[in-house]
Each structure stands twice: as structure tokens, then as C-alpha cells.
Amino acid sequence: MDIKKCDIGMASDSESEDDFDSSSDNGEDDEVDESLMEVTADLEDDLMESMSQWQKDIWHQKYLPYFEQTEKEADEQFKIIKAGLAHSIIHRDVRPALLHWICELDKYINLYSRRFSKTDHIALVNLMYECMVMKGLEYRMVKVCSHSLSNLLAKKELLSREDLTIQWRPLYDIYVEVTCKNLEEDGMLLLPDGLKVSLETVIGHSRVYFPLEATREILDEVRPYMCPWDESMLRALNMLNLFLPTCLSHEQHEKYGAKLWFDEMWHWFTAVENSAPWETKVGLILARLTRESPGYIDWTDKYDTICTRLLRAFDLDIGQEQIPVGTGAGVFSLDAAASWFCYMLGGPDDGIQGHLTRLFRSLESYFHPSNYGHHTANLLTFVLKLVQSICTRLNRERYRKPNSHPLVPPAMRLTNRQVDLFVESVLPSTLLTVFSKYKQEFAPGIVRFLGLLAPRMVVPAVLDTVYPALETLTEPHRLLQSMNCLVAVCVSLVRDADNDPNHQRRALQYAEDQSGRPCRSHVISLLNAVLPGLDANDIGKSMVTFQTIGLLCALVPIVDCSEAVHVRDDLTEEERELCSATSNFEGIVELLMTRMFALIETCAHGQSMTTVQSSLTAKAQAKFSFEENLMKNGIFSVFRTLVGNCSTPIYKVAVDRLFDFVNENMFDSRIAADTLAEMIFCAVRTNPAESLPRFLNLIMKRLRAAVSEDTHTEEEVDSAVIWYIVLASQLVRVSGAQIVRFRAEILELLSLVMPLKCRQAHDIACTLLENVLIVLTTHYVDMHEFNRRKLDQPFEKFLPIRHWARTVDRKSWELKWHVPTEEELSLVDEIFRLFLTPELDRLTRPNDMTKEEVLKSLLTIKAAIAGSSALLPMFETEAIPLIDSAVDMHPFSYTIAAPTVRNLTLGNKEHARQKILNVLRGLVDFSLNNREDDTKSMAAICKVYQLLLFHRGLDKLKYDKQLQGFNMSKRIVGDAVRGNRANIEAITQEFVVLQHHKRLLTRSGYYFTKSHLDIMRDMVRVGTSMYSVVRVEAQKTLDACVQSFPYSYKHILDDVLLLLKEDLTISHEQFKGALYILLNGKKLCICVRQTWETLLKVWPAVVTAQHSEKPSVIALLELAQNTVVDNLESFQIRFEFSESCVQMAKKI
């Protein structure tokens, strides 16, 4: 799913909050009972999960094509991890053994979640806790243990207070030592970055499991510091905020909990108001008590006081002279206030709702767009956090499965009437903020959460805002803001299919004839109405239009259902009207294609967006401008969503227009070529049988006419050649089966473009080669044919309008994967034989090649590796132990392919990576000795080395971009009330793909062979060579090795230190390169490694290094000094394990 960024919220959805799960016990209100009936199926799924032998696994992983192998692998790995942890402690090996196995445990949780039994879970928590609180443990290990313990405790619903008890005193002692003793300020220690935050996180997770007596003990410890006229008061309140347990039952609070301290906290909240920094902590404690133990405190007689404090926190100005009222948000956390107000709602008397209604009425004028100021951010922050907290509370009350932690009492649970009442009180102020001139990003987020709470009230209000804005083109700000809010409520709009008597529906003022009816029928008219917003002269308006169209096309199957009226007799009146309205889809698609082609022509011809460097034949290709990137991504996103979620007749309308445009037009513009190439990719990927032959024949016909033997030797080719190579490079991104189907044409295409001498053309040809190999060798989801067959079914069997924004049914959902077949792999072997092996053979004789030919061969090899790396086995030469340890490090391997898929080899079954490495090592020797000035080839070798070392079908940058896109899409189309159960199919599918891609990036740092060491030694030589551009590339690769393989630097350290000695044979460049190798990585650089043996070698070598009068060397030596001073974290000389920790390790 590819939905572009839109500012519709600033916080994650409720499903990421693990503070509570809630029961769904029957309440006293009939509306609550009705809500429970809606989630019966969800609770059945929860019951199935609760019957699992594991604490928490990732059910999506069962859709991976190698799921059975991963189950066996996970079982085996967990046994080894437990044994590794135990042996590390028994052998008293903190570093490297214990550190390694804690990291492996975190990696296991990242891949499989809490896939272990409750017994193992409790044992691991106790072991991590014992390790963390050991006396004298270095602070970096404390941070590592605290992070792992936080991972284990993050899902609070998995363990109850009866299962686990955690002592508070050791955590308190560590926290006091880190935060209150000024160790860094006094120069005694240098602590790891983020240590304090890690400790506060683990304390927050652990306090749920403190013993009942902990509250009294904590109060006894802290109360001596509570003096409001001294700074110690801040320390006391901070400790209470962190350590006081509040997740207790009402009975436990009476005897052991809040009964002991509530009156005291309320006194400090009301009696002191002098803007002291500790006042915020009091509000946080009281808000947490309200959230974690709902209903324990009756706040009725305190509403006025709380509302008064909140008003002061908004920092409002009154009167014409702008007189400030209040103390600002610094002494009363607005986040805490939002949570506090959220859990004071509900109950027979509606709780604080009456006060809240009056509060918003009194503040309404401050939300007006013309009345913005410093108070605006405070008001909007509070409203956003408040509506998000209400969504989280509803999710807790209605959709989360029961657990042992305190639940919202049935009498306090929010009813539908109370939710509508809340939304009704907030909505008028929210509608004013839509057009705010300050902090514009808040309004869509508020509208989104309100739309999830009460769609029948919010969606009509948004429509009343959008329609007038669409008719007024002279007010761009009004249009942009209203459309951003439309994007925010798209999911609620599409799912508004009926009238629920238990929910109010707001009257639709803009279209009174449709008032009181479901709003989803407006989707089609909105699609038509927003199309004029695609305007190259207004990039902001175009982007929000793309977002709106893309999102609606993702949620709504683009199928003409008008015939369903005549063949089905079970349609409601609303469904009959909606079916008739879908007849407009074809016209909307026609108009959309016309608009997008107009944008492409404008980009290609417009002087404001295209520069000389954007020409196809320009040697120095300029990066696309911000506007060009937005336009290209917007067109790609909308077109991919459209053709992937439409019926075949609609698909033909869109693709016929695309084919005609490509057939009749050609532009000397890279942005136009790339945009059309991506559109062709979308067309052929979603329906290859229909489109691939058409586009392939067209491109082959044009290339055959444009490329000849003479063209292969030309240094500059005609722009038409590059144009069609760009189109072809994306055309081949279809299913591997289709590549095999057109095997002869694909091989001919590669034969036409790969020999081209022109650098620009060859670079694109390498992209084409890489894309062909990717689709043949990788595992990827291929659901397009399945989806199209589903949408093309007769209306008697499948009615698309009943599947708008459809969620996933875990019992019947299917996922189709492309798994490489033997036919596809034999074609890869053929491609290797024709295009890779000859280049390797040529590089064994570099004397016979020019610099340009060497570079061309290296780029071809790089493309071949990048495309096929998923099935290229890693190095299998002699294993080299990285460090001596009594504990076996046991490097893990991770399954990333189905068992039926074989690995790829070269020639006579030669190991591909090793063969390429052997050739390149010879080329490195030749280049350093004879062609050190060939910087382009040397830089290319460094990049190929990095691929050989790490690449297995995906790189980290692409994964991070994909993950960011997934999180953004989930934020837009997710449901904070219903949680993950309401995810649409595209989101669930993308999450499964991310599980596969995560495995591609996971590797063991202790799998280190002679080949790895050979590469590192080569990179030391290249990283200390003559030219800086080459040194930088080599040092990047070497630094990646040092960070990925622990202690690998020890095997090249002596070679580096030799270059620091006073020796006439050592050049200035070698000296600088050696220093940079030692200093790269900041806190992880070799100069500050926490190993005494390493420091004993490195520090004297740097201190006694040869001197120079060159400013660059002087600056580099100063950098070395500052790096050590600023980044060397303190670590112990000697450490002894506690006996209790050793005994616990023996038990697991």
C-alpha cells in the first residue's frame, strides 16, 4: 500500500499502547451490550490466541512461504539462547558472551515476539533483572539489560502480579546513582547516552510488579526529601512519579496503595501554585492513578479545581491589552490532563462531561483562526491528546481481551450516548481549528480521532466544510485544510454504510436532500469534484488531491456495479443508489488519466521545473527537485492504487490511455521518463497477461530500430534510446513467470542494451538487469491475479460495494507468494552465463582493458549481485573466531527462502560470492599497483565488496523507507478504537511482507570467515590509498564490517597501527587514512572500544604518531583527542557475578 504522507495525527494509534488490556464483561447499559455483540468474532480470535502454548507470537508469520522452517528454527534458536545466557553467567563472562546472548534474545523478540512459554518468560525476566542490578556492573551493560528487560515486560497483559514480583529497591539505588550523584558533572564517570531514559522506561514497566508493601517503603524513603522550599522536592516527586505503583485493584489501594498518599498529593496539587518544576510531577501521578485504577477516586467534588488548573495551563490572553492569565503548560502537563479528563468521563451522571462542555464553550473564541497566538499550541495539544485518549479508552473497554490488571468498572464504561455527547462538545471548536493559521497539522489529527469515535456526527461536518471549499478556487488555504481533514476521515466516510439508532447523525447542511442518510455515497461525487485540484502550478493542492484520490481508490474497489441493480433482489435502497452511482467510475478514470498526462507534459516542458541536467542525455544528472519528486510519487501512488483495485473493464480504460500516450509521445526529460516508466510497471504488474505483450512489443520495436552495432560503441546515444531503456527498466518488474514466458524477448532486450558504451545508457541498462534478476530470484507477494478474479466475479456472487474498506478475516484470508521455480532459476543461470561470467573473465586480465571498460564491467557485476543476492549463499570459507571465550557464540542462520528453492552458482557449480571476490581481489592488487588514479573503479569495487558482505535481497535504507511508509499508511487508515482488527487487507499484507524483509536483514555478527577478513584487509589498503574519494568509500565499507562483526577490528588493527609510525615510507595519505579508520564511528570507533588490550595498543600509537605541520593532520589529531575524551564510556577493570545470579542461570 502506498499512501503518501499527510499530517493527520501526531501520536501512534492505540494498539501500540501496552498499558492495559480490558475485559468485556457485561455492563448495565444496553448500548455497551450491543458493542460487545459487535466484537464477538474478535473475542473468538482472542480465545484462540489464549489457547496457544506461547505467550505472544506473530500470527502473520504463518503466511510466509517458509513458515514451517521458521517454526523449527525459532524453537532451536530459543533453546540455544537460553543455554547461552546460562553458560555466560556460569562462566562469569560478561563481555563478550553475556552481551552477545542478551542481544540475541532481543533479536529473537524482534523477529518472533514473545514466542516462549510463561515459565520461560518469568525466568528470563528474573534473570535479566538480576543481571541488571548486580553491584558494580558497568553502565553500558546496565543499559543493555534494561533495554532487554523492557522488551520482556512491554506486554503487561502477558504477566500478572501473581506471576511475577520485582523488588523496587535495587532499581531505586541504580537510578539514584545515575541521576542524583553528579557522576558525570564531577568528572568521575562518562555514562552511556540514553541510560537515564532506559532506566525510566524499565522502571515504568516494572512498577506493575512491585510487591504490595513497596508503596509504604517508597514513601518512607522519599518523604524526608519533601520540602517545597528546597530543590530536594523535585527529586522526591520525580521518584514518586517513577516508582509509586498505581496499577492495583481498589481493595489493594485501600490497604497498600493510594490510600497512603492520595490526600498528601492532592494537598500539594491544590495548596502550592508557584510555578515550581515539581508541580508537573504531582499532576502526572494523579493522572496515572486515574488511568490505571479507574473509578477508585471519586473526583466529583474536585472538578472545579482541576478545570481551573487546566485553564491556567492554557496560558490564555484576555482583553484588548492581551493580559496573560495562568502560568502556562510548564507546571501542569497537558498530556496528563488529557488522560485525567478522559478517565473522569462516564458513569451514571456522565462524570466531568458537563464541566468539559462548559469549558469548550468558554474557550471556543480562542480556537478561531483569527485569534491565534502562543495559547493555540496548548489548546490544540490538549484536544488532540484528549480525543486520542478517548479512543484508547474505548479500545480498552470494548475490544481488548480480559487480563489480570485493573479494568474499567462496568458502571463507568462509556456508552454510545456518552461518546456522542463528548464529540458534540468538542466538534464546534475543532471545526474552527480546521482553518487555523498556526499549528495547521493538529486539526486533521483531531478530526481523525473524532471521526473514529462518532463518524455519523463528524463526517457530515467535514463534508459541509469540503464541498464549499471545492467550489471556491480563490481560497487555497481553505481548500488545502478542508481536504486534509477529508483525508483524515476517509476510512470513517467509506465505512458509513448504515444508520445506527444508538448513535446520533448530524444533519448534512450542504446537501439537505441527503441529510440523515449514510455518507459513503459521497465518495464518488468527491472523487469527481477533487480532480480539478491536480494543478502543476499549485504543488500543495496537487499533493493533497493525490492523497485523497489514492486513499479513496485504496479503500473502494473501482468497479461499475450499476448492473447489480438488475440481477440482485437483496439490495437496500441505499445500495441501489450507490450501485447506480458507480457507473461514473469510468468517466472519473478517464478524466484522472487526462489530468495526470497533463502534469507529465508540464513537467517535461515547463522551464520552472526542468533544468538542462534533467535531459535524458545529460552526463551529470541533477537530482529531481522537491516539486518534481512530489509530482512523480503522487502520480505513481494514485495509478498503482487505481489499477490494483479495479475491475478489468476499468483497468482497460486506464491502460489503453497510457499505451496511447506512450506510443505517441517522447520527451527529452528524465522526470517524464521515470514517471511513465513507473506507470508502465503498475500496468504490467497488476495484469501482465493484458499489458505486458503490448508494452514489450512496442519498446522492443523502437529499440531494435534505434540500436545497432555502431550504437554500442558510441559514447553518447540518442535520447530516444535512453527513453526506451528507462521504460524497459521498469517494464520487466513483473512476476518471474512472465519473464520466463517472454524469455527470448527479455534476453534479446538485455543483449541490445547491456553492450552500450554510453555511460548514461549503461547505468540504466544495469538497472534493467538488476530488476530482471530481482523478480526471478526473490520471494514477494503476488496477489494481483487473485484480486482481479475476485473483482471480476458476477454480481450474484460478489458485490464490491459491500467490501469497501474491508478488514481481514483471519480464518479465510489468503496470501499468494511468488516463489522462484526451477525454470526461473535456469533463466538466471543463462543470464549469468551471458552477462556476468564474461565480465568476470575480462577482469582477470585488466591490463587489456581501459578504465572505462573496467568500470563498465564492475557496474554490471554490481547489478548482477544486487539483483540475485537473495539466492547467493554467503561465504563458506574457513571460519575465524573473533574472540576467545569459554562460551560458544553459535552464529545463527535465518531461513529466507522456501525449501524448494536452490541456491545460485556460477559456471561449474562455483560459489558465486567467492568467485567474484577472488576476481576483485586481483583487480584491487592491479589497481593499487598500476592504476591508483582510477578512482571511479576503485569506488565501485568498494561498493561491490559491501554487497558481497551484507546484501541478501534488500538493503537497510529500502527497508527503513518501506517501514516508514507502512507506519504512515497505518496511521492514516488504521482504527484507534477497534485496533488491529480493523486493518484493511493492504495493511495486513504489507505487515507480512515486512516480516519477510526483516529476516533478510537479520544476520549473526559472529559468522566471520577468511573471506570476510580478506575483504577487510583489502579495505585497509584501499582506505589508506592516494585519493580521498576512494579512501572514503573504502572506510565506509570497513566501518560497516567493524560495526557488524564484533571484535573483527582486532584482526586488522596491527596493519592500521603500522601506518602511524614515524617512517619515511609511510605517505601523508596513508597516515590520514589510518587515523580515520581508528576514529570512524564516534562512540563505536576503535579508539574507544572497551577492551584494555585494544586501548593499550591504540592510545600509545596515536600519542606517538608522526607529527606534521599540515593543518588537516593537526585537526585530525585534535579530533582523536576529543573523540576519546567525549566518547570513552567508563567501564570496570574487574567484575564479579553475584551468587544469586549464577544460581538463577543454572535454573533456566
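Residues numbered from 1 in each chain as written. Predicted model: local features only at pLDDT ≥ 70, side-chain atom pairs only at ≥ 80, totals over all residues. Heavy atoms only, no water.

K.L.:
Help me understand the overall build of the chain, please; the structure alone is not making it clear to me.
P.N.:
When helices and strands are counted, the chain shows 50 helices and 6 strands. Taken over the C-alpha trace, the chain has a radius of gyration of 32 Å; the compact-globule value for 1148 residues is 32 Å, and the two agree within 12%. With the C-alpha coordinates aligned to their principal axes, the bounding extent of the chain is approximately 90 × 85 × 65 Å. Total accessible area computed for the chain in this model is approximately 46,200 Å², and 50% of it derives from carbon and sulfur atoms. Here the chain contributes 125 positively and 156 negatively charged side chains, and the mean placements of these two sets differ by 3 Å. (Helix = DSSP H or I, 4+ residues; strand = E, 2+ residues; numbered from the N terminus. Rg over C-alpha atoms; globule rule 2.2 N^0.38 Å. Areas by Shrake-Rupley, 256 points an atom, 1.4 Å probe, with all protein chains shown as cover. Lys, Arg positive; Asp, Glu negative; His and termini not counted. Charge placed at Lys NZ, Arg CZ, Asp CG, Glu CD.)

K.L.:
How should I be thinking about the packing of aromatic side chains in this particular structure?
P.N.:
What characterises a pair of aromatic rings is the spacing of the ring centres plus the angle enclosed by the ring planes. Using the criterion set out here, one finds 32 aromatic pairs in the structure. Taking the centre distance of 5.4 Å and the plane angle of 75° together, the rings of F659 and F695 count as edge-to-face. Taken together, the residues F659 in helix α29 (residues 648-664) and F695 in helix α31 (residues 688-706) connect sequence positions 36 residues apart. Assigned by exposure class, F659 and F695 land together as buried. (Phe/Tyr/Trp six-rings, centres within 6.5 Å; stacked < 30°, edge-to-face > 60°. Buried < 20%, exposed > 50% of the residue type's maximum accessible area, 1.4 Å probe, protein only.)

K.L.:
Looking at this structure, how should I read the packing of helix α19 (residues 442-453) against helix α20 (residues 455-471)?
P.N.:
For any two helices packed against each other, the geometry is given by the interaxial angle and the distance between the axes. As a packed pair, α19 and α20 sit with axes 6 Å apart at the nearest point and diverge in direction by 135°. Taken as axis vectors, α19 and α20 run oblique relative to one another. When α19 is examined against α20, the residues V447, L450, G451, L452 and L453 are found in contact with a partner set consisting of P455, V458 and V462. Taken together, the residues of the contact of α19 with α20 sort by class into 7 nonpolar, 1 polar and no charged. (Axes fitted to C-alpha atoms, helices over the stretch in contact; angles between N-to-C directions. Parallel < 35°, antiparallel > 145°, perpendicular 65-115°, else oblique. Contact = heavy atoms within 4.5 Å. Nonpolar A, V, L, I, M, F, W, Y, C, P; charged D, E, K, R; others polar.)

K.L.:
How should unusual backbone geometry be read in this particular structure?
P.N.:
As a rule of thumb, non-glycine residues mostly have phi less than zero, and peptide bonds are mostly trans rather than cis. Cis geometry is found at the peptide bond from R95 to P96, where omega equals 20°. Secondary-structure assignment places P96 in helix α4 (residues 94-112). Unusually for a residue other than glycine, K439 sits at a positive phi of about 55°. Structurally, K439 can be placed in the loop between α18 (416-433) and α19. Overall, K439 belongs to the partly exposed group, its relative accessible area being 30%.

K.L.:
Explain helix α40 (residues 912-930) to me, please; I cannot follow it from the model alone.
P.N.:
Along an α-helix, a turn takes 3.6 residues, which lines up residues three or four apart on a common side. Taking 1.5 Å of rise per residue, the 19 residues of α40 would be expected to cover 27 Å, and the 27 Å separating its terminal C-alpha atoms lies within 8% of that figure. Buried within α40 we find A912, R913, Q914, I916, L917, V919, L920, L923, V924, F926, S927 and L928. Elements that come into contact with the buried residues of α40 comprise α38 (822-843), α39 (851-868), β5 (905-906), β6 (910-911), α41 (935-950) and α44 (1010-1022). (Expected span 1.5 Å × (residues − 1).)

K.L.:
Looking at this model, I keep getting lost on the environment of F966. Mind explaining?
P.N.:
With respect to the helices and strands, the residue F966 is situated in helix α42 (residues 956-973). Between the C-alpha atoms of F966 and L994, which are 28 residues apart in sequence, the distance is 8.8 Å. Residues in contact with F966, not counting those within four places in the same chain, are I987, E990, F991 and L994.

K.L.:
When you look at the pattern of salt bridges in this model, what are you seeing that I'm missing?
P.N.:
When charged atoms on two side chains of opposite charge get close, those side chains can pair. Going through the model one piece at a time under the given rule, you end up with 50 salt bridges. Across the pair K816 and E814 runs a salt bridge, and its minimum N-O distance is 3.1 Å. Since its relative accessible area comes to 34%, K816 is described here as partly exposed. K915 serves as the salt-bridge partner of E910, at 4.0 Å between the closest nitrogen and oxygen. (Salt bridge = Lys/Arg side-chain N within 4 Å of Asp/Glu carboxyl O.)

K.L.:
Where do I start with the environment of N238 in this structure?
P.N.:
The topology assignment puts N238 in helix α10 (residues 232-243). Distance in space between the C-alpha atoms of N238 and V1142 is 34 Å, their sequence separation being 904 residues. Setting aside residues no more than four positions away along its own chain, N238 makes contact with Y175 and K281.

K.L.:
Help me understand a nonpolar patch on the surface in this model?
P.N.:
A cluster of nonpolar side chains, namely M1026, Y1027 and V1029, defines an oily patch on the protein surface of about 260 Å² accessible area. Inspection of the secondary structure puts V1029 in helix α45 (residues 1028-1044). (Patch = residues over 30% accessible without salt bridge, like charges linked within 9 Å, V, L, I, M, F, W, Y side chains within 5 Å.)

K.L.:
Mind showing me how you'd approach the packing of helix α28 (residues 626-644) against helix α30 (residues 670-686) here?
P.N.:
The geometry of α28 relative to α30 is characterised by a closest axis approach of 9 Å and an angle of 15° between their N-to-C directions. Considering their axes alone, α28 and α30 lie roughly parallel with respect to each other. In terms of crossing hand, the pair formed by α28 and α30 is right-handed. In this structure, α28 contributes E628, K632, I635, F636, F639, R640, V643 and G644 to the contact, and α30 contributes I671, D674, T675, E678, M679, F681, C682, A683 and T686. Its residues assigned to classes, the contact of α28 with α30 shows 9 nonpolar, 3 polar and 5 charged. (Left-handed = near helix turned anticlockwise from the far one by under 90°.)

K.L.:
Explain the nonpolar core here, please?
P.N.:
A general trend in soluble globular proteins is that nonpolar side chains are found buried together. With 397 residues, the main nonpolar core has F382, F422 and L658 as its most contacted residues. If we skip the residues at most four places from it in the chain, F382 touches L310, F314, L334, A337, A338, F341 and F360. With 12 residues, the next largest nonpolar core counts W59, M783, L815 and V993 among its residues. (Core = buried A, V, L, I, M, F, W, Y, C linked by side-chain atoms within 4.5 Å.)

K.L.:
Teacher, can you tell me more about helix α23 (residues 522-530) here?
P.N.:
Taken as a whole, α23 has its buried residues at H522, V523, I524, L526, L527 and V530. Considering only its buried residues, α23 is in contact with α20, α21 (476-488), α22 (490-494), α24 (539-555), α26 (573-581) and α27 (585-605).

K.L.:
Would you mind going over a negative patch on the surface with me for this structure?
P.N.:
Together, D668, E709, D710, E714 and D718 make up a region of like negative charge exposed at the surface. Take D710: it is sitting in helix α32 (residues 709-713).

K.L.:
Explain the confidence of the model for the chain here, please?
P.N.:
Detailed reading of the predicted coordinates is not advisable wherever pLDDT is low. Looking at the chain, the pLDDT average stands at 88 and 92% of residues meet or exceed 70. Predicted confidence is poor over residues 2-44, with pLDDT under 50, and the contacts of this stretch with residues over four places away or in other chains come to 123 contacts. In this model residues 607-612 is a low-confidence stretch, pLDDT under 50, and it forms 8 contacts with partners more than four residues away in sequence or in other chains. (pLDDT = per-residue confidence, 0-100.)

K.L.:
Teacher, can you tell me more about the side chain of T1024 here?
P.N.:
Summarising the element assignment, T1024 is placed in the loop between α44 and α45. The exposure class assigned to T1024 is buried, which follows from its relative accessible area of 5%. At 3.2 Å, the side chain of T1024 forms a polar contact with the backbone oxygen of R1021. In this structure T1024 touches R1031, L1059, E1069, Q1070, G1073, A1074 and I1077, once residues within four positions along its chain are discounted. (Polar contact = N/O pair within 3.5 Å; in protein donor to acceptor, adjacent residues only side chain to side chain.)

K.L.:
Where do I start with the state of the cysteines in this structure?
P.N.:
Note: disulfide means a covalent bond formed between the sulfur atoms of two cysteine side chains. Evaluation of the coordinates by the stated rule reveals 0 disulfides. Summary of cysteine pairing: C646 is not part of a disulfide, and the nearest cysteine sulfur, belonging to C553, is at 8.8 Å. For C646, a relative accessible area of 2% puts it in the buried group. (Disulfide = S-S within 2.5 Å.)

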